[in-house]
Amino acid sequence: MGFESMWAELLPVGRDAATGGYHRFAWTPPELACRAWFLDEARRRGLEVEHDANGNMIAWWLPRDGTRDGAVLTGSHLDSVPGGGAFDGPLGVVSAFAAVDLLRERGIPLRRPIGIGAFAEEEGARFGVACLGSRLLTGAIDPARARALTDGDGRTFAGVLHAAGLDPEAIGPDEDLLGRIGCYVELHVEQGRALQKPVGIASAIVPHGRWRFDFGGEGNHAGTTGLADRRDPMLPFAGMVLAARDAAERNGTVATVGKVRVVPGGVNAIASSVTAWLDARGPADEAVRRTVAEVDEAARLAARPHRVSVDLAEESYTEIVDFNLALRDRVGKALGGVPVLPTGAGHDAGVLSSRLPAAMLFVRNPTGISHAPAEYAEPADCLAGVEALTAVLADLACG
């Protein structure tokens, strides 16, 4: 099955007919359907599928001698953000299957294993921690903390894993699996408009993280409670949102408040609590940390006159990732020279780079939009991405 056929088969899964956005949250029916599609594609090719304890899947194409060491891993993820685009994640997985097909069609002998990976909860849309599957695999997050993570319905990560047939007590670093992987190459749609050619290479991922602000006030009646008697957490929350924009401008970063939870959430009720999530990214660790500190200070100052409490918790943070230079140069040489550019988006490749050489290929995005329905890549550019990934895999696994 070619790229176009695979893409067409996966495209409707989890898509909102009204908005065109995708809702493929980890271990929900749409994402489980994507996992089933992955297994079908692997079986169709006679690939051996490995499920690790953290919910990640790898489809292995092994050399004739059966060796499992020094593997070249590729792939991406299948989950989405709320209302996300079609390409973020699945493009890398579909392209990986298509690249293996081309290597086979061209009769290129395989010397090292090629694995096609689908990592769990990359977006963090359900449990709040991005790249959760790869973080667990590499030891970047404590398993006990991961088990206690909850989704919007109060279900724990441990409970969801158990319901999916996995043992929550088994999650964590997998040194055997990591030891078998020689390098990881992830193909991804570009999440901006900097790339002017069909395909490019990532140089680095800028520092980025997520922080949770909890504002505690007092619930009361919207009509009978005088202004002087209110402990309204919405007011310092509003100040925190404005402070995030100001701090980002001062520090040369970006800061976003894209998710908020108000309790009880009634039109005629003063909120008793507000929880808001801050996403901050920038060119240097110091600038990102300074941005968050300034937002925290502003939130506390705004809260005092309203007798509202403020608590800040860091949910995840990734320092600057400079991709392995030797691997990046080798990938560039295999492609005959393509643009090299940094990215402000986090990826499993960035997490895995702490334990093994990693590289990324980008496919041009003419809209420059990502995490939204308008995310796009031209069919010709997608096929160029498949050819590029095929060339890279041929060099790394067959050379």
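Just so it is clear, the structure is predicted and the values come from calculations on it, not from any experiment. (Residues numbered from 1 in each chain as written. Predicted model: local features only at pLDDT ≥ 70, side-chain atom pairs only at ≥ 80, totals over all residues. Heavy atoms only, no water.)

1. Things to note about the sheet that holds strand 7 (residues 208–216)
So, point 1. If you trace the 4 strands from one edge of the open sheet to the other, you get 9-11-7-12, paired in antiparallel fashion. Each edge of the sheet is formed by a strand with only one pairing partner; in this case those strands are strand 9 (254–263) and strand 12 (309–318). Ignoring strand direction, the axes of neighbouring strands in this sheet form an average angle of 15°.
So, point 2. Taken together, the 9 bridges between strand 7 and strand 11 (residues 273–281) define a ladder with antiparallel strand orientation. Each residue of the ladder has a partner; that of glycine 216, found in strand 11, is serine 273.
So, point 3. Of the strands in this sheet, strand 7, strand 9 and strand 11 touch helix 8 (residues 234–251), which is tilted by about 170° from strand 9.
So, point 4. Contacts from helix 9 (residues 285–303) reach strand 7, strand 9, strand 11 and strand 12 within the one sheet, and its direction differs from that of strand 12 by about 165°. (Pairing = 2+ DSSP bridges. Helix = DSSP H or I, 4+ residues; strand = E, 2+ residues; numbered from the N terminus. Axes fitted to C-alpha atoms, helices over the stretch in contact; angles between N-to-C directions. Contact = heavy atoms within 4.5 Å.)

2. A few points about helix 8
So, point 1. Taking 1.5 Å per residue as the helical rise, helix 8 with its 18 residues ought to reach 26 Å, and the 26 Å between its terminal C-alpha atoms agrees with that figure.
So, point 2. The inward-facing, buried residues of helix 8 abut strand 7, strand 9, strand 11 and helix 9.
So, point 3. Looking one or two places after helix 8, you find glycine 252, whose phi comes out positive at around 70°. (Expected span 1.5 Å × (residues − 1).)

3. Structural notes on the environment of glycine 133
So, point 1. Looking at where glycine 133 falls in the secondary structure, it is placed in helix 4 (residues 132–138).
So, point 2. Distance in space between the C-alpha atoms of glycine 133 and arginine 250 is 34 Å, their sequence separation being 117 residues.
So, point 3. Setting aside anything within four residues of it in sequence, one finds glycine 133 in contact with Asn54, Asn56 and Ala120.

4. Details of the environment of phenylalanine 323
So, point 1. Mapped onto the elements of the fold, phenylalanine 323 is located in the loop between strand 13 (321–322) and helix 10 (325–334).
So, point 2. Spatially, the C-alpha atoms of phenylalanine 323 and serine 353 are 6.9 Å apart, while their sequence positions differ by 30 residues.
So, point 3. When neighbours within four sequence positions are excluded, phenylalanine 323 is seen to be in contact with Ala202, Ser203, Ala204, Ile205, Ala349, Gly350, Ala358, Ala359 and Met360.

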